[in-house]
Amino acid sequence: MARHGFSGVLAVVGLGWGDEGKGSWVDYLVRQTQAPWVARFNGGPQAAHHVVTPTGQTHCFAQWGSGTLVPGVRTWLAQPMWVDPLALSKEQQALHRLGITDAYARLTIDPRCGIVTPFHTSLNRLRETLRGADRHGSCGMGVGEAWHDSQRGTGPVLRWQDLQAPRLAQQLAQIQADKIAQAEALLQAAPAIAPAAQTYLHELQLPHLPHWLADYYRQMACNSGINTAGPECLHPALEAGQTLIFEGAQGVLLDKDYGFSPYITPSSTTFASARAVLAELPAVPLYRLGVLRAYSIRHGAGPLVTEDAALTAALPEPHNGQSVWQGAVRLGWFDAVAAHYALQVSGGIDHLLLTQLDRLTGRTRIPVCTAYHNTAGQPITLQTPQTPKQQRQLTQQLAHCLPHYQQVVGWNDVAQVPTGYGAFLADELHVTLGGLSYGPTATTKQLFFKS
């Protein structure tokens, strides 16, 4: 790290289903390394990275990097990011209320970043509403709809660089027409139409939206103070030998190619996107940090083999409650099988960072899932899927898995964790334990490595 002579990139990736505590670690690493930049390299405005400062300031980061509460730290949204300008405005206002009056000036956006519009959001919510009990657990923010547009190649896809184009209103009108057509087709095929779904169609049909959005987007791109630049904006920091923090979003188990379909995100959530961004920079070391909670968590639908209702009730999530779109938060015991799979598909890590250890303090024994069995007691292994069909089959396989637990000695004093529970998990996963977090702030973390 910078104060120890490290020059390069620390990439922070979640190895679970999201909600691992990535933002909290990014805030800590920025403070420790004096990193001048945090680069967001995947996902969009649905990050929800919760940070609490030592002085009690709290913010749930959506698009800004989670180091923004540290004065002067800048954010770069790299090309794989999807940007929602309306959500940017809301987050800037929230940061301003915290005293961050220069949030826009500290934000730089790659001109190639895709744009998520309200048309994508409304169609996303209509589609998810029509699924009824079979919802996928979408965040309801339209990122997937925008991403699928970029893959179809049949309609307009806005980029940040397009927000100053003279034909912006016409392009937005084309997106609106495309989303209306998709919505009407979905509603025609639906056996029963929820009133909420009809509401989203009405939102899509508002005639004034393309011109209003064009004016708003142009004002933000030209007059807000937000900077536009590609990877070259990081060159001075790299030339000065400084550390950069790359902040991932969601979790590896939600990856578009390796996650458990259909409960997945449209972006790559492994280190792949970080490597793609680094390929456009001068040769620089990449240090891979994988984050997991001391227990499992999943917000929304999808498999969670170690789910435990009693644990969910015992450890309420004050900042991560019931969501209209994702549903309820579910907890389970640490799942080493799922973590092994995440490590396998993401290519491994250099260090493991554990969070939320304070919440398990005082338990005599803590179950850790070390194997999956089927109902006949036979062991089950998770194979890396090569096709979307195999992804769906993997999800079906998890629905019938039973966890096999090993009981690990608990602790009353967190000083026992590094040589006890933390060491056990690191050994079980065949990784190096890099850090432990015993609370939400930077002062409640312990780092073991010096780079």
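Residues numbered from 1 in each chain as written. Predicted model: local features only at pLDDT ≥ 70, side-chain atom pairs only at ≥ 80, totals over all residues. Heavy atoms only, no water.

**Notes on the overall build of the protein**
Scanning the protein from N- to C-terminus turns up 13 helices and 20 strands. For the protein, the C-alpha radius of gyration of 22 Å lies close to 22 Å, the compact-globule estimate for 451 residues. With the C-alpha coordinates of the protein rotated into their principal frame, the extents come out at 65 × 60 × 40 Å. Looking at the protein residue by residue over its 451 residues, the buried ones come to 55%. For the protein, restricting intrachain contacts to residue pairs at least 6 apart in sequence, the fraction spanning at least 24 positions comes to 78%. Entry remark: accessible area of the protein is about 18000 Å², with carbon and sulfur atoms responsible for 52%. One finds the centroid of the 31 positive side-chain charges in the protein at a distance of 0 Å from the centroid of its 31 negative side-chain charges. (Helix = DSSP H or I, 4+ residues; strand = E, 2+ residues; numbered from the N terminus. Rg over C-alpha atoms; globule rule 2.2 N^0.38 Å. Buried < 20%, exposed > 50% of the residue type's maximum accessible area, 1.4 Å probe, protein only. Contact = heavy atoms within 4.5 Å. Areas by Shrake-Rupley, 256 points an atom, 1.4 Å probe, with all protein chains shown as cover. Lys, Arg positive; Asp, Glu negative; His and termini not counted. Charge placed at Lys NZ, Arg CZ, Asp CG, Glu CD.)

**Here we look at the pairing of strand β5 (residues 74-77)**
Where strand β2 (residues 37-40) lies against β5, four bridges are found, and the strand directions are parallel. Bridge assignment links V38 to a residue of β5, and that residue is T75. Bridge count between β5 and strand β7 (residues 107-109): three bridges; the pairing is parallel. When the sheet's bridge partners are listed, L77 is paired in β7 with I109. (Pairing = 2+ DSSP bridges.)

**Some points on unusual backbone geometry**
At the junction of S261 and P262, the peptide bond is cis and its omega measures out at 10° in the coordinates. Inspection of the secondary structure assignment puts P262 in the loop between β10 (243-247) and α9 (272-278). Although it is not a glycine, D19 sits at a positive phi angle of roughly 60°. Structurally, D19 is set in the loop between β1 (8-14) and α1 (22-33). Given the relative accessible area of 23%, D19 is considered partly exposed. Residue Q34 is not a glycine yet carries a positive backbone phi of 60°. Along the chain, Q34 falls in the loop between α1 and β2.

**Overview of the confidence of the model for the protein**
Parts of the model with low pLDDT should not have their predicted coordinates read in detail. For the protein, the average pLDDT comes to 93, and 98% of its residues sit at 70 or higher. Contacts of residues 1-5 to residues separated by more than four positions or lying in other chains number 15 contacts, the stretch itself having pLDDT below 50. (pLDDT = per-residue confidence, 0-100.)

**Some remarks on the environment of A279**
Mapped onto the elements of the fold, A279 is located in the loop between α9 and β11 (286-293). Residue A279 is classed as exposed on the basis of its relative accessible area of 65%. Distance from A279 to H136, taken between C-alpha atoms, is 33 Å for residues 143 residues apart in sequence.

**A closer look at the nonpolar core**
In this structure, F246, F334, Y372 and Y421 are the most contacted members of the largest nonpolar core, which totals 73 residues. Ranked by residue count, the leading element in this core is helix α11 (residues 336-346), at eight residues. In this structure, Y421 is in contact with A294, F334, L357, L360, I366, V368, V408 and W411, ignoring residues within four places of it in sequence. Residues A103, L158, L213 and A214 belong to the second largest nonpolar core, which totals 41 residues. (Core = buried A, V, L, I, M, F, W, Y, C linked by side-chain atoms within 4.5 Å.)

**Here we look at the packing of helix α5 (residues 168-189) against helix α6 (residues 195-204)**
Remark: α5 packs on α6, axes separated minimally by 9 Å, with the N-to-C direction vectors making an angle of 160°. Considering their axes alone, α5 and α6 lie roughly antiparallel with respect to each other. Considering how the two elements wind past one another, α5 and α6 form a crossing that is left-handed. Of α6, the residues touching α5 (which contributes Q176, K179, I180, A183, E184 and L187) are A197, Q198, L201 and L204. Residues belonging to the contact of α5 with α6 are distributed by class as follows: six nonpolar, two polar and two charged. (Axes fitted to C-alpha atoms, helices over the stretch in contact; angles between N-to-C directions. Parallel < 35°, antiparallel > 145°, perpendicular 65-115°, else oblique. Left-handed = near helix turned anticlockwise from the far one by under 90°. Nonpolar A, V, L, I, M, F, W, Y, C, P; charged D, E, K, R; others polar.)

**Some thoughts on the environment of E317**
Following the sequence through the fold, E317 ends up in the loop between α10 (309-314) and β13 (329-332). For E317, a relative accessible area of 17% gives the class buried. Along the sequence, E317 and Y372 sit 55 residues apart, while their C-alpha atoms lie 27 Å from each other. Once residues lying within four places of it in the same chain are set aside, the contact partners of E317 are R293, Y295, I297, V329, L331 and R359. In terms of polar contacts, E317 uses its side chain to reach the side chain of R293, at 2.8 Å. Side chain to side chain, E317 and R359 meet in a polar contact 3.2 Å long. (Polar contact = N/O pair within 3.5 Å; in protein donor to acceptor, adjacent residues only side chain to side chain.)

**Observations concerning the state of the cysteines**
In this structure the tally under the stated criterion is zero disulfides. Unpaired in this structure, C233 has its nearest cysteine sulfur neighbour in C113, at a distance of 11 Å. With no disulfide of its own, C369 has C401 as its nearest cysteine by sulfur position, at a separation of 8.8 Å. Here C369 falls in the buried class, since its relative accessible area comes to 0%. (Disulfide = S-S within 2.5 Å.)

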